[in-house]
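Residue-level structural notes
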Amino acid sequence: IDMANSDFDPLSLYLHIPFCSSKCGYCDFNSYEGLDHLVPEYTPALLSEIELWSAAAKSYALRTIFFGGGTPSLTDLEDIKEILRSVHANYQLMETVECSLEANPTELTLEHLTGLRELGINRLSMGVQSMNEEELLLLERDHSPARVLDAVADARAAGFDNINLDLMFGLPDQTLETWQQSVRTIVSLGTEHLSCYALTVEPGTALYYQVQKGFTPEPDPDMAAEQYEWTQDYLKENGYVQYEISNWSKPGKECQHNIVYWNAAPYLGIGAGAHSFFAGQRFGNTDAPNRYIEQVIETKLERDNKGRATMRQIAGGETPDRETLISDAIILGLRLLQGVNEDEFETRHGVRPSAYFAKQFSKHADNGLIELEENSVKLSARGLLLSNEVFIDLIPDREVVS
């Protein structure tokens, strides 16, 4: 579909594959190891949920499809083929649809990568995290730096010309030099996109336990800031454009799927634990894969018997009020380096950010964290480092302290 001459609204589709060969110590995503026995039942459940949502999405056309996890690259090619076949059968797609798949270097082979490319996956996102052996051990990653080099080479041979590599900085005991080594190595591979995230020690993870017990030192925020600022300079020198707090790309290779999130545009999440913002509502599916499978089957049987269905796999949700929608939109929009266009925001939400958030913007303009221009607002260079200090004041029902 050519959206320029179409009555369809754009929509993004997220497909969650929750299975992993091993659970990394820092990970708090909805992912599981040791549940391989559920894989044969999971794909049919995913296919059923894709079909269940098709009627509600009939006025939309997909602009992005994203396989996330977990480790989608563990999924059998035949299953990926069936999932994509169902998506094509049940939804309208744009001509330029971006179709991404997350992968770990460990499991990737040239044969599998070639198969993925032939099925229409046109963007590969690989979880590298570090090119340093000791740091990979700390993160409980089961690949080596050499394996990353081989996986990228195989992806190129398979025809991928849009590859993202994830890296993590601010690790315990990570020096500026080891971080620089990782970034320089990744850049030398010519990757089109880099996502560089500061490590967050999340409660409930194995790493959190290790830090709490003193087995692993806490990350050093000053070192993380130094690593981040060096990364900004180095990637700019090497032809990358920073378009979001944690994301850089070669021109024209920005991740269109993630831009949907930052623009607070609608997306539909399919699979265990997947979240959606669709038809003005936010909702999420049941996390546990076995329960998700059962609930999708129940929903499908109910629909087959009655012609309609209550989406039993949805664990909870809300219809955000106007105040929440405005707050969410400004916080997400400020993550983008270009910031928020006042006219566009007013057209969509009925308020001008500079007036609606006048007190908050005045405070953070004074402390140098945001920059107010004639028709836009954006984070300053310092604000990119301290973005949470700005965002927390933009949440509804919070008193702004000058």
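Quick note: structure is the one above.
Below: a short report on this structure.

In terms of helices and strands, the chain carries 16 helices and 17 strands. Considering only contacts in the chain between residues 6 or more positions apart, those separated by 24 or more positions represent 70%. Per element, the accessible surface of the chain, about 18200 Å² overall, is 48% carbon and sulfur.

Turning our eyes to something else, we now look at the nonpolar core. Counting residues in each nonpolar core, the largest one holds 88 residues, and the members touching the most others are F67 and I330. Ignoring anything within four residues of it in the chain, the contact list for F67 reads L15, P72, I80, I83, L84, C99, S100, L101, E102 and I121. Of all hydrophobic cores here, the second largest spans 5 residues; its members include C255, I259, W262 and L336.

Think of an α-helix as turning once every 3.6 residues; residues three or four places apart then point the same way. Between the first and last C-alpha of helix 11 (residues 322-334) there are 18 Å, a value that for 13 residues agrees with the 18 Å anticipated at 1.5 Å per step. All of the buried residues in helix 11 are I326, S327, A329, I330, I331, G333 and L334.

One pass over the structure, following the stated rule, counts 12 salt bridges. In this structure, R282 engages D328 in a salt bridge whose closest nitrogen and oxygen atoms are separated by 3.0 Å. Placement of R282 in strand 13 (residues 281-285) and of D328 in helix 11 is noted, with a sequence separation of 46 residues between them. One salt bridge connects R312 with E302, and the closest N-O pair in it is separated by 2.6 Å. A residue pair is termed long-range when its members are at least 10 positions apart, and R312 in the loop between helix 10 (289-306) and strand 14 (314-318) and E302 in helix 10 qualify at 10 residues.

Right, let's talk about the pairing of strand 13 for a bit. Burial within strand 13 is extensive, with 4 of its 5 residues counted as buried. Pairing between strand 12 (residues 275-278) and strand 13: 4 bridges, direction antiparallel. Bridge pairing links H275 to G284 in strand 13. Where strand 12 folds back onto strand 13 in an antiparallel hairpin, the turn is made up of 2 residues, including A279, whose phi is positive at roughly 55 degrees. Note: strand 13 against strand 14, 4 bridges, orientation antiparallel. What sits directly across from F283, in strand 14, is G317.

Residue position: D393 is located in the segment after helix 16 (387-391). Of the residues examined, D393 reaches a relative accessible area of 5% and is grouped as buried. At 2.8 Å, the side chain of D393 forms a polar contact with the side chain of H364.

We now examine the packing of helix 1 (residues 39-52) against helix 2 (residues 77-90). It is at 9 Å that the axes of helix 1 and helix 2 come closest, and there the two elements cross at 10 degrees. It follows that helix 1 is roughly parallel to helix 2 by the angle criterion. For the pair formed by helix 1 and helix 2, the contact residues are V39, T43, L46, L47, I50 and E51 on the first element and D79, E82, I83, S86, V87 and N90 on the second. Its residues placed into classes, the contact of helix 1 with helix 2 shows 6 nonpolar, 3 polar and 3 charged.

The sheet built from 3 strands is open, its strands ordered 15-17-16 with antiparallel pairing. The sheet is open, and its two edges are formed by strand 15 (340-341) and strand 16 (370-372), each paired on a single side. For strand 16 and strand 17 (residues 376-379), the ladder comprises 3 bridges, and the chain directions are antiparallel. Looking across to strand 17, one finds that I370 is bridged to L379. Here helix 11 sits on the sheet and contacts strand 15 and strand 17; the angle it forms with strand 17, its principal contact strand, is near 60 degrees.

On the secondary structure map, T43 appears in helix 1. Taking the relative accessible area as the measure of exposure, T43 reaches 7% and is therefore buried. For the pair T43 and G271, spaced 228 residues apart in sequence, the C-alpha to C-alpha distance is 9.2 Å. Once residues lying within four places of it in the same chain are set aside, the contact partners of T43 are D79 and I83.

An ideal rise of 1.5 Å per residue puts 20 Å on 14 residues; helix 2 measures up with 20 Å between its terminal C-alpha atoms. Restricting attention to buried positions, one finds in helix 2 the residues D79, I80, I83, L84, S86 and V87. The buried residues of helix 2 all sit within an arc of 155 degrees when viewed along its axis, so they share a single face. In helix 2, the exposed residues that point more than 90 degrees away from the buried face are H88 and A89. In the core, the buried residues of helix 2 are packed alongside strand 1 (9-17), helix 1, strand 4 (60-69), strand 5 (92-103) and helix 3 (110-118). Where helix 2 starts, the residue carrying a side-chain oxygen 2.8 Å from the main-chain nitrogen of E78 turns out to be D76.

Let us now look at the pairing of strand 11 (residues 267-270). Taking every second residue as pointing to the same face, both faces of strand 11 are buried, with Y267 and G269 on one and L268 and I270 on the other. As judged from the 4 bridges shared by strand 1 and strand 11, these two strands associate in the parallel manner. Bridge assignment links L15 to a residue of strand 11, and that residue is I270.

For the rest of this paragraph, the subject is a negative patch on the surface. Together, E177, D220, D222, E226, E229, D233 and E237 give the surface a local cluster of negative charge. At 5 residues, the largest contribution of residues to the negative patch is made by helix 8 (residues 221-237). Positionally, E237 belongs in helix 8.

What counts, and where the lines are drawn
- Residues numbered from 1 in each chain as written.
- Predicted model: local features only at pLDDT ≥ 70, side-chain atom pairs only at ≥ 80, totals over all residues.
- Heavy atoms only, no water.
- Helix = DSSP H or I, 4+ residues; strand = E, 2+ residues; numbered from the N terminus.
- Contact = heavy atoms within 4.5 Å.
- Areas by Shrake-Rupley, 256 points an atom, 1.4 Å probe, with all protein chains shown as cover.
- Core = buried A, V, L, I, M, F, W, Y, C linked by side-chain atoms within 4.5 Å.
- Buried < 20%, exposed > 50% of the residue type's maximum accessible area, 1.4 Å probe, protein only.
- Expected span 1.5 Å × (residues − 1).
- Salt bridge = Lys/Arg side-chain N within 4 Å of Asp/Glu carboxyl O.
- Pairing = 2+ DSSP bridges.
- Polar contact = N/O pair within 3.5 Å; in protein donor to acceptor, adjacent residues only side chain to side chain.
- Axes fitted to C-alpha atoms, helices over the stretch in contact; angles between N-to-C directions.
- Parallel < 35°, antiparallel > 145°, perpendicular 65-115°, else oblique.
- Nonpolar A, V, L, I, M, F, W, Y, C, P; charged D, E, K, R; others polar.
- Arc of directions from axis to C-beta.
- Patch = residues over 30% accessible without salt bridge, like charges linked within 9 Å, V, L, I, M, F, W, Y side chains within 5 Å.
- Lys, Arg positive; Asp, Glu negative; His and termini not counted.
- Charge placed at Lys NZ, Arg CZ, Asp CG, Glu CD.

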